[in-house]
Amino acid sequence: MLEFSKATIEDLEEYMKVKMDAFSDDIITYGFGPSGYDNYEKEKENILHFPTYKIVLDGHIIGGVTCCDKGDYFWLGGIYIEKKYQNLGIGAKAIAFIENEFPQAKCWRLHTPYKNFRNHHFYEKMGYQKIGETLPNENKGGFYLFEYEKVMK
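Residues numbered from 1 in each chain as written. Predicted model: local features only at pLDDT ≥ 70, side-chain atom pairs only at ≥ 80, totals over all residues. Heavy atoms only, no water.

A. Fine view of the pattern of salt bridges. In this structure the tally under the stated criterion is 6 salt bridges. We note a salt bridge from Lys 54 to Asp 11, for which the minimum N-O separation is 2.9 Å. A residue pair is termed long-range when its members are at least 10 positions apart, and Lys 54 in strand β2 (residues 52–57) and Asp 11 in the loop between β1 (2–6) and α1 (12–22) qualify at 43 residues. The same class applies to Lys 54 and to Asp 11, which are both buried. Between Lys 150 and Glu 99 there is a salt bridge, and its shortest N-O distance comes to 3.0 Å. Placement of the pair is Lys 150 in strand β7 (residues 145–151) and Glu 99 in helix α4 (residues 90–101), with a sequence separation of 51 residues. Per residue, the accessibility class of Lys 150 equals that of Glu 99, and both read buried. (Salt bridge = Lys/Arg side-chain N within 4 Å of Asp/Glu carboxyl O. Helix = DSSP H or I, 4+ residues; strand = E, 2+ residues; numbered from the N terminus. Buried < 20%, exposed > 50% of the residue type's maximum accessible area, 1.4 Å probe, protein only.)

Right, dumping it as structure tokens:
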């Protein structure tokens, strides 16, 4: 059974193991993962101070979602699914969960890497539209992010 619930400090070890697995393809593609994705202290702070949810399947954490209220919009700071559970519709359920969890959000925004075509397709399928790009980071080989937005009805 698939469940979504608040992550706790007690979940940190399992949560981080799954998170690092989920972003391992970024290491191959770009040579690095999302900023702080493997930082236990940063994730602990996220769990303590921001809405952070674990995705649990049959009693095991298989993913997570973090967001925050930025005032004019809600920021989807991270969504990830363990690699062996990707492409099974769990990401779509996670997006639906987080959007339903915060009905006051009139707009959602997020960043995703420029070469992550699977993410682009996924977010567009979920109703998000590309609204911009960050400036290339010359220290990271010209890496940049696409910004997506979904205006809620």
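B. Structural detail: the sheet that holds β2. In spatial order, the strands read β1-β2-β3-β4-β5-β7-β6; together these 7 strands make up an open sheet with mixed pairing. The open sheet has two edge strands with one neighbour each: β1 and β6 (129–133). With direction set aside, neighbouring strand axes in the sheet form an average angle of 30°. α1 contacts β2, β3 (60–69) and β4 (74–81) of the sheet and is inclined by roughly 85° relative to β3. Those strands touched by α4 are β1, β2, β3, β4, β5 (107–113) and β7, and its axis lies near 150° from that of β4. (Pairing = 2+ DSSP bridges. Axes fitted to C-alpha atoms, helices over the stretch in contact; angles between N-to-C directions. Contact = heavy atoms within 4.5 Å.)

C. Main features of the nonpolar core. Of all hydrophobic cores here, the largest spans 29 residues; its most connected members are Leu 76, Ile 95, Ile 98, Phe 102, Trp 108, Tyr 123 and Tyr 128. Beyond its immediate stretch of four places on either side in the chain, Phe 102 contacts Pro 51, Tyr 53, Cys 67, Phe 74 and Trp 108. Tyr 15, Ala 22, Ile 61 and Tyr 80 belong to the second largest nonpolar core, which has 12 residues in total. (Core = buried A, V, L, I, M, F, W, Y, C linked by side-chain atoms within 4.5 Å.)

D. A look at the side chain of Glu 149. Locating Glu 149 in the fold gives a position in strand β7. Its relative accessible area of 17% is what places Glu 149 among the buried residues. Residue contacts for Glu 149: discarding those within four places in its chain leaves Cys 107, Trp 108, Arg 109, Gly 127, Tyr 128, Gln 129 and Ile 131.

E. Structural view of α4. An ideal rise of 1.5 Å per residue puts 16 Å on 12 residues; α4 measures up with 16 Å between its terminal C-alpha atoms. Within the span of α4, buried status applies to Ile 90, Gly 91, Ala 94, Ile 95, Phe 97, Ile 98 and Glu 99. (Expected span 1.5 Å × (residues − 1).)

F. Region of interest: helix α5 (residues 117–125). The complete set of buried residues in α5 reads His 120, Phe 122 and Tyr 123. Along the axis of α5, the buried positions cluster into a sector of 165°, meaning they face one direction only. Facing away from the buried side of α5, by more than 90 degrees, are the exposed residues Phe 117, His 121 and Lys 125. Along its buried surface, α5 packs onto β4, α4, β5 and β7. Positive phi shows up at Gly 127, right after α5, with a value of about 100°. (Arc of directions from axis to C-beta.)

The quantities given are spatial measurements derived from coordinates; they are silent on function.
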